[in-house]
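Structural overview for review
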Amino acid sequence: MSSEKNKEIIENYIEAYNSFDLQGMVKLLHKDILFRNFSNGTMDTETRGIQEFGELAAKSSKIFSSRHQTITQYHAEGDTTEILIDYEAILAVDLPNGLKLGDKLQLKGKSVFGIHEGQISLIEDYS
């Protein structure tokens, strides 16, 4: 698949993510989606399969009153695309780490997407 087509799939996913469109996100995923989140070099979350991912996405969406990922850079190699992102969000709940409802998060990170059969089969988020 062309890197332009992969870029379009990823942009559609990010657009759905930013607008809390869980169905829009899930429809772009391969049934065997592997999702991993890395924070400070440690993997803290992993899901396998579309059902586990959907459950995590639904739970995560309730934490934020707004969220926005902005893609700042792309690097494609084969069926894998790495993007650099600026992330901004407003919390909708208090978190155990001391962050409070209404607090604004601003992070820079990267995400790695794998595309298989025209669908996203891998997402790895790094912050």
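Here, every reference points to the structure presented above.
The structure reproduced in this document is the subject of the present report. (Residues numbered from 1 in each chain as written. Predicted model: local features only at pLDDT ≥ 70, side-chain atom pairs only at ≥ 80, totals over all residues. Heavy atoms only, no water.)

Notes on the overall build of the chain
Just so we agree on the cut-off: Numbering of helices and strands runs from the N terminus, with a helix taken as a DSSP run of H or I at least four residues long and a strand as a DSSP run of E at least two residues long. In this setup the radius of gyration rests on C-alpha atoms only. A globule is expected at 2.2 Å times the number of residues raised to 0.38. Residue burial is assigned from relative accessible area. The probe radius is 1.4 Å, only protein chains are included, and a residue is buried under 20% of its type maximum, exposed over 50%, and partly exposed in between. Throughout, a residue-residue contact means that at least one pair of heavy atoms, one from each residue, lies within 4.5 Å. Using the Shrake-Rupley algorithm and a 1.4 Å probe, accessible areas are obtained, with residue cover drawn only from the displayed protein chains. Under the convention used here, Asp and Glu are negative, Lys and Arg are positive, and both His and the chain ends fall outside the count. Every charge is mapped onto a representative atom, which is NZ of Lys, CZ of Arg, CG of Asp or CD of Glu.
Secondary structure assignment for the chain yields three helices and six strands. Going residue by residue from the N terminus, the α and β elements of the chain occur as α-α-β-β-α-β-β-β-β. A compact globule built from 127 residues should have a C-alpha radius of gyration of about 14 Å, and the chain, at 14 Å, falls within 12% of that. For the chain, the spread of C-alpha atoms along the principal axes amounts to about 45 × 30 × 25 Å. Relative to its full complement of 127 residues, the chain shows a buried share of 35%. When contacts within the chain are restricted to residue pairs at least 6 apart in sequence, those whose partners lie at least 24 apart make up 50%. On the chain, roughly 7,400 Å² of surface is accessible, and the fraction owed to carbon and sulfur atoms is 50%. Distance between charge centroids for the chain: 3 Å, based on 13 positive and 20 negative side chains.

Quick notes on unusual backbone geometry
At Asn40, a residue that is not glycine, the phi angle is positive and equals roughly 55°. With respect to the helices, strands and loops of the structure, Asn40 is situated in the loop between strand E1 (29-39) and strand E2 (42-48). In this structure Asn40 comes out as exposed when scored by relative accessible area, which is 71%. Located in the positive-phi region is Glu117, a residue other than glycine, with phi close to 55°.

Here we look at the sheet that holds strand E4 (residues 80-91)
So the rule is basically this: Strands were regarded as paired on the criterion that DSSP finds at least two bridges between them. For helices, the axis comes from a line fit to the C-alpha atoms of the stretch in contact; other axes are also lines fit to C-alpha atoms, and the angle between any two N-to-C directions lies between 0 and 180 degrees.
With respect to topology, six strands assemble into an open sheet ordered E2-E1-E6-E5-E4-E3, the strand pairing being mixed. Among the strands making up the open sheet, the edge pair consists of E2 and strand E3 (64-77). Strand-to-strand twist across the sheet, computed as the mean angle between neighbouring axes with direction ignored, equals 20°. Where E3 lies against E4, 12 bridges are found, and the strand directions are antiparallel. Counted as the bridge partner of Thr70 is Asp86 from E4. Strand contacts of helix H1 (residues 3-18): E1, E3, E4, strand E5 (104-116) and strand E6 (119-126), with the helix running at about 170° to E3, the strand carrying the most contacts.

Re a negative patch on the surface
Heads up, the condition is: Here the term patch refers to residues with relative accessible area over 30% and no salt bridge, with like charges joined within 9 Å and nonpolar side chains (Val, Leu, Ile, Met, Phe, Trp, Tyr) within 5 Å. For this analysis, a salt bridge means a side-chain nitrogen from Lys or Arg found within 4 Å of a carboxyl oxygen belonging to Asp or Glu.
Taken together, the side chains of Glu4, Glu11, Glu15 and Asp21 present a region of like negative charge at the surface. Structurally, Glu11 can be placed in helix H1. Taking the relative accessible area as the measure of exposure, Glu11 reaches 36% and is therefore partly exposed.

Some words on the side chain of Ser111
The following threshold applies: Here a polar contact is recorded for every N or O atom pair within 3.5 Å, except that within protein the pair must consist of a potential hydrogen donor and a potential acceptor, and residues adjacent in sequence are included only if both atoms are side-chain atoms.
With respect to the secondary-structure elements, Ser111 resides in strand E5. Residue Ser111 is classed as buried on the basis of its relative accessible area, which comes to 1%. A distance of 2.6 Å separates the side chain of Ser111 from the side chain of Asp125, its partner in a polar contact.

Quick notes on the pairing of E6
Regular strands place side chains that alternate from one sheet face to the opposite one. Extensive coverage of E6 is indicated by the burial of six of its eight residues. Judged from the six bridges that link them, E1 and E6 form a sheet pairing that is parallel. Within the sheet, the bridge partner assigned to Leu29 lies in E6 and is Ile120. One ladder, built from seven bridges, connects E5 with E6; its direction is antiparallel. Bridging across to E6, Ser111 finds its partner in Asp125.

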